[in-house]
Every structure is written in structure tokens, then in C-alpha cells.
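Descriptive analysis of the structure
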Amino acid sequence: MFGVHLPRKPKRVLVLGSGALQIGQAGEFDYSGSQAIKALKEEGIHTVLVNPNIATIQTSRDLASRVYLVAVTPEFVEQIIAKEQVDAIMLGFGGQTALNCGLALHDSGVLARHGVQVLGTPIKSIRDTEDRQLFVERLAEIGVKTARSQACDSPTAARAAIAALGLPVMLRGGYALGGKGSGIVRTDADVEAALKRAFAGGVNQVLVEECLEGWKEVEYEVVRDARDNCITVCNMENLDPMGIHTGESIVVAPTQTLNDEEVQLLRTVAIRTIRHLGIVGECNIQYALDPQSADYRVIEVNARLSRSSALASKATGYPLAYVAAKIGLGYALTDIPNGVTRRTTAFFEPALDYLVCKFPRWDLGKFHGASTRIGSEMKSVGEVMAIGRTFPEVIQKAVRMLDIGVDGVDPEAFSFDDVREPLRNPTPLRIFAIARALYEGVGVDEIHALTRIDRWFLRAIESIVAQHRCVAAVPLPLTAALLRESKRLGFSDFALDRLRAQPSGTTRATRAAHGIKPHYARIDTTAAEFPAD
């Protein structure tokens with residue numbers, strides 16, 4: 001980075017971690033904080049970390065210069081600021097908890113009193129994305145569409161907004177963690193309970209917005225530096241439609257059911273929006289996209305690293321958190337060299353010739369009396385990621401990694417009294433209900449009508465079910481052609497052995513006899529962006 005002009009480099013930087021281990025914040029933010037600390041250490045900066053979660057990489061002995069295992073609250077953080085005499089703070093690497101803490105420290109005058117500079121996205125931009133009313137107003141300035149909505153500071157105001165918009169509506173809390181308190185209100189009888197839940201826990205702002213249930217949900221990860229260089233690193237598509245929290249949804253990168261016109265439209269809107277809001281570093285923008293047209297709504301912008309950012313980084317090989325930390329120090333995208341080649345820079349958009357699937361992991365059985373329904377409020381406790389060439393392959397790999405006793409998307413793994421019920425009202429077993437319904441002869445169109453999941457995904461799952469039926473019926477041994485197709489669709493050797501009630505290792509031996517061997521591909525840290533020489 002020789003010759004790059006930078007503002008005064010801070011000497012002691014405070015990094016806010018994600019806070020205590022709970023649903024909505026956990027290991028998914030460990031990647032972000034660890035990469036930020038790594039970037040700061042390269043610059044010779046003394047780093048101070050606040051994170052009470054000891055089960056993380058970032059709290060390891062040799063990473064941060066000083067670690068405080070205390071709650072990420074304004075009271076504790078102010079004491080640490082005074083003791084450590086930090087001159088700068090990073091708010092975007094610890095999820096919603098860190099962001100809310102940073103805003104509180106600014107509003108109370110703590111940062112100004114101690115001369116602490118906020119690195120990266122400025123406080124005003126953070127507030128414009130977190131305050132629902134400001135967010136809608138700011139995007140309206142550039143003609144970007146948002147859902148028809150009204151920000152309310154009391155249940156009385158919310159009742160009036162519901163009456164004005166008409167049911168059904170979506171309730172979303174401002175500054176909320178993991179969609180806490182959010183939900184869809186469909187009937188008058190549900191209004192009071194939904195408002196009580198939305199305003200619980202000291203929430204002082206709730207957005208009442210038009211319900212876009214059934215629209216596609218799409219995300220773009222965007223990076224912008226202070227010199228207004230701006231790129232979209234990765235786009236992702238939820239298998240589940242709007243109405244289900246992203247943390248609860250199966251997510252695929254890159255998008256699979258959007259055409260080029262839709263991809264370019266949302267990319268253009270993303271860059272316009274992030275530039276207008278003045279984000280400096282990394283963020284993600286979430287859309288609702290009408291499946292019947294190119295109509296869209298911007299749902300929210302997270303002016304920080306999110307769980308989607310960690311997924312996008314691992315999916316593309318682009319080190320989002322590391323780059324965001326360097327940008328926070330004043331570097332431009334064109335100044336940040338690639339860690340492998342040292343000759344190319346971070347100013348590029350990765351191209352993927354493979355698919356990545358994120359699948360949530362639930363543990364609702366541990367919570368006595370908890371509803372098994374999933375929706376706009378996050379309940380998952382973790383997630384897995386699978387990489388492959390086809391959607392059937394990655395969805396089967398992901399399901400195997402969940403460690404719930406299944407070998408893939410097995411239509412016979414679970415039985416349902418009424419297979420259509422979990423299709424209408426999603427549960428953690430919805431993917432198996434879809435496979436079971438297809439196995440029992442329910443058509444793709446009917447499943448689409450019940451779930452609003454795009455037919456492309458449903459037909460891909462249908463191909464798994466058809467192969468399952470085929471493998472179960474053909475005479476042994478399995479032919480080379482059938483084995484190749486089974487592998488392309490993500491069936492493991494163990495799954496095929498179990499399906500045919502064969503001794504373990506039989507399919508592996510048959511496959512080896514046919515010369516069918518595994519192929520391993522690598523994702524490097526440049527997403528294949530090497531200099532053309």
C-alpha cells in the first residue's frame with residue numbers, strides 16, 4: 001500500500017463484538033470481528049476487543065491486543081474507552097448489538113467526550129438505515145421503492161396505521177435483533193397480541209408496512225469506500241418467499257431464478273442506494289421482488305457486516321470483513337492488494353461458476369412449549385453451508401451436514417398426518433414435507449400455490465425424488481450411468497447403500513469399479529481473479 005494517502009491513522013481502536021451467545025447473534029459474527037482485528041494488526045494498530053463470548057476465534061489469546069469478556073453495553077464500553085484511551089471505534093463487526101451500543105454511546109456524548117472517532121460508516125448513515133421512518137424518507141429522495149409503511153412510536157399509532165393500510169400487514173421493530181417481535185398480522189383478532197409482542201422489551205419504534213408475503217426475497221452484498229468506488233460482491237436468493245426471516249430461510253448464492261434484467265435492475269438500485277446513504281465499508285441490501293413482474297421493494301439495508309456477509313465471503317472467497325476494516329482506516333478499494341497475488345486489488349466483482357447453499361439448523365425441541373412454526377422472527381441456532389455444481393447436489397449436502405439423522409432430502413425420512421399442513425405453515429421440516437408431497441404425487445403447481453416457493457426450486461427437488469424412486473426400483477448392481485446421475489444430484493454412497501439395504505461400502509466399491517471418482521475444486525481468496533499475463 002506504498003504511496004496511498006490516508007487520513008491520520010488511529011493508534012488504539014476498540015472493536016465491538018457481538019455480545020452474549022443467543023439466537024440472532026453467535027458464531028456468525030466471529031468471522032467479521034476476527035478479520036477486522038487481523039486487518040488492524042497489519043497496520044500496527046493496538047486493538048481492544050469487547051466480547052463476552054469466549055467460544056470464539058476473535059477472543060483467542062494472540063489475536064486482539066486486549067480482550068474484555070464483558071457485555072457489550074454502553075456502561076461497560078464507556079469504562080473500557082476511558083481505561084484504554086482508545087481514539088477510534090469500529091461498530092460494524094458485531095451485529096445489531098454492537099451497532100445499537102455504538103449509537104447509544106454517540107447519543108449520550110460518550111464518544112465526543114473521549115475524542116473517539118467512528119471508523120467506517122458514519123453515525124448519521126447508520127441511523128438513516130436503522131430508523132425506519134428516516135430510511136423510507138431517504139430512499140424516497142432518489143425514487144427507490146420501499147414498502148408502503150408508517151413508523152409508529154406507540155400501540156395507538158400502530159392501530160391507526162393498520163387501519164389505514166388494511167390487513168394483512170407486517171410489523172417490524174426498529175433496531176431489532178433477529179427480527180425480534182416482528183410478524184404478519186392477518187386478522188383483527190391477531191392485532192392486539194401482535195402489537196404487544198412488537199413493542200415488548202422496550203422497543204420504541206415499530207414499522208407497520210404492507211404485507212409482501214409470497215414475493216421473492218433477494219440480497220446483495222455491497223462494498224463502498226470513501227472515494228465512492230462501489231461494487232456488489234455477491235447476490236443471494238432465499239428459497240423461502242417473503243414472510244420468513246433470512247436467518248430461518250434456505251439461501252442460495254448466486255441467484256438462480258432471476259433473469260439478467262432483474263439482476264441488473266437490483267444491482268443498479270443497490271449501488272444508487274448505498275451511495276446515497278453514504279455507507280463506508282460493507283453492507284447488505286434486502287429486496288422483495290414480485291415473481292410476476294420486475295416490481296421490487298427495498299426492505300432494509302444493514303449498515304454493518306451481517307450473517308449473510310459471512311456466507312457471501314465464504315461463498316465467493318472475497319474477504320468482506322477484512323476489506324471493510326481497511327476501508328474504515330481510509331483505504332480505497334483500488335489501494336487494497338489481494339493477499340495472494342499482491343498484484344490485483346479488491347476492486348472487482350467475483351464471478352461464480354458453482355452454487356452455494358446455506359441451510360439453517362433448529363433445536364426447538366430444547367425449548368419446552370415453543371411453537372415449531374417458523375416465520376419473520378429468528379429461531380434457528382446455527383447454519384451449514386454446502387458447495388456444488390447443481391442445486392440438488394448442494395441441498396442434499398447441506399441437509400446431511402445438519403446432523404439430524406438423515407442422509408439427504410429423503411422423501412421417506414419423515415411422515416406427516418397431513419403433508420399439506422407444513423407446506424401452508426412452514427416448520428423446520430418443510431423441505432422434507434415438499435419431498436414427501438412430491439413422492440405422494442402432489443404436483444409442483446399445487447406445492448407452489450401452498451408455499452409460494454419458485455417452481456425452479458420445486459422441480460429441482462422433484463428430480464431428487466424421481467432419482468430416489470428410480471434407484472429403489474432398478475435391479476442391482478447400479479449401472480455407471482445411474483451412479484453418475486445420482487452423484488450429480490447429491491446422493492452419498494451411504495444414502496444409496498441405505499436405500500437399497502446394502503452393506504455399507506457396497507456403492508463405493510461399485511462406483512470405484514466403474515471408475516467414478518470424487519473431484520475436488522478449490523475457492524481461492526481472489527475468487528479466480530488473477531492478472532491476465
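1. Thoughts on helix 7 (residues 155–165)
Burial in helix 7 covers these residues: Ala158, Ala161 and Ile162. Projected down its long axis, helix 7 carries its buried residues within an arc of 100 degrees, all on one side. Opposite the buried face of helix 7, at more than 90 degrees from it, the exposed residues are Thr156, Ala163 and Ala164. Taken together, the buried residues of helix 7 touch strand 6 (149–152), strand 7 (169–173), helix 8 (191–198) and strand 9 (206–210).

2. As for the packing of helix 15 (residues 444–451) against helix 16 (residues 455–473)
Their axes nearest at 10 Å, the elements helix 15 and helix 16 cross at an angle of 130 degrees. Considering the angle they form, helix 15 stands oblique to helix 16. Along this stretch, helix 15 crosses helix 16, giving a crossing that reads as right-handed. In this structure, helix 15 uses Val444, Asp445, Ile447 and His448 to contact helix 16, whose residues at the interface are Arg455, Leu458, Arg459 and Glu462. A breakdown of the residues in the contact of helix 15 with helix 16 according to their chemical character gives three nonpolar, one polar and four charged.

3. Points about the packing of aromatic side chains
By the definition in use, this model includes seven aromatic pairs. Measuring from centroid to centroid gives 5.9 Å for phenylalanine 391 and tryptophan 456, while their planes differ by 55 degrees, and the two rings are tilted. Here phenylalanine 391, found in helix 12 (residues 391–401), pairs with tryptophan 456, found in helix 16; they are 65 residues apart in sequence, far enough to count as distant. Overall, phenylalanine 391 belongs to the buried group, its relative accessible area being 2%. Relative accessible area serves as the criterion here: at 35%, tryptophan 456 is assigned to the partly exposed category. In this structure an aromatic cluster arises from ring pairing among Tyr220, Tyr287 and Tyr296.

4. Thoughts on the sheet that holds strand 14 (residues 296–302)
Strands sit in the order 14-13-10-11-12-15-16 across an open sheet of seven strands; the sheet is antiparallel. On the outer flanks of this sheet lie strand 14 and strand 16 (382–388), each paired with one strand and no other. The mean angle between the axes of side-by-side strands here comes to 25 degrees, regardless of whether they run parallel or antiparallel. In this structure, strand 15 (residues 355–361) lies alongside strand 16, joined through seven bridges in antiparallel fashion. Of the residues in strand 16, the one forming a bridge with arginine 361 is glycine 382.

5. Focus on the side chain of glutamate 43
For glutamate 43, the location among the structural elements is in the loop between helix 1 (30–42) and strand 2 (46–50). In terms of polar contacts, glutamate 43 uses its side chain to reach the side chain of lysine 326, at 2.7 Å. Of note is the side chain of glutamate 43, whose polar atom sits 2.9 Å from the side chain of tyrosine 331.

6. A short note on the packing of helix 2 (residues 74–84) against helix 3 (residues 95–107)
Interaxial distance between helix 2 and helix 3 falls to 10 Å at its minimum, and their mutual angle equals 70 degrees. The orientation of helix 2 with respect to helix 3, classified from their angle, is roughly perpendicular. Here the hand of the crossing between helix 2 and helix 3 comes out right-handed. Contacts from Pro74, Val77, Glu78 and Ile81 of helix 2 reach helix 3 at Cys101, Ala104 and Leu105.

7. Some remarks on the side chain of threonine 427
Among the secondary structure elements, threonine 427 is positioned in the loop between helix 13 (421–424) and helix 14 (430–439). Excluding its chain neighbours within four sequence positions, the residues that come into contact with threonine 427 are Thr372, Ile374 and Pro422.

8. Some words on the environment of valine 471
Along the chain, the position of valine 471 falls in helix 16. Of the residues examined, valine 471 reaches a relative accessible area of 0% and is grouped as buried. Sequence separation of valine 471 and proline 155 is 316 residues, and the distance between their C-alpha atoms is 57 Å. What valine 471 contacts, discounting residues up to four positions off in sequence, is Leu478, Leu482, Ser486, Leu496, Leu499 and Arg500.

9. Structural notes on the pattern of salt bridges
Overall, the coordinates contain 39 salt bridges when judged by the stated rule. Among the ionic pairs, arginine 159 bridges to glutamate 192, the shortest N-O distance being 2.8 Å. Remark: glutamate 192 occurs in helix 8 and arginine 159 occurs in helix 7; sequence separation between them is 33 residues. The exposure class assigned to glutamate 192 is partly exposed, which follows from its relative accessible area of 44%. Of the charged contacts in the structure, one is a salt bridge between glutamate 213 and arginine 186, with a shortest N-O distance of 2.4 Å. Highlighted residues: glutamate 213 in the loop between strand 9 and strand 10 (216–224) and arginine 186 in the loop between strand 8 (183–185) and helix 8, separated in sequence by 27 residues. Through salt bridges with shared partners, one network takes in Lys145, Arg148, Glu210, Asp295 and Arg297.

Reading the values: the criteria
- Residues numbered from 1 in each chain as written.
- Predicted model: local features only at pLDDT ≥ 70, side-chain atom pairs only at ≥ 80, totals over all residues.
- Heavy atoms only, no water.
- Buried < 20%, exposed > 50% of the residue type's maximum accessible area, 1.4 Å probe, protein only.
- Helix = DSSP H or I, 4+ residues; strand = E, 2+ residues; numbered from the N terminus.
- Arc of directions from axis to C-beta.
- Contact = heavy atoms within 4.5 Å.
- Axes fitted to C-alpha atoms, helices over the stretch in contact; angles between N-to-C directions.
- Parallel < 35°, antiparallel > 145°, perpendicular 65-115°, else oblique.
- Left-handed = near helix turned anticlockwise from the far one by under 90°.
- Nonpolar A, V, L, I, M, F, W, Y, C, P; charged D, E, K, R; others polar.
- Phe/Tyr/Trp six-rings, centres within 6.5 Å; stacked < 30°, edge-to-face > 60°.
- Pairing = 2+ DSSP bridges.
- Polar contact = N/O pair within 3.5 Å; in protein donor to acceptor, adjacent residues only side chain to side chain.
- Salt bridge = Lys/Arg side-chain N within 4 Å of Asp/Glu carboxyl O.

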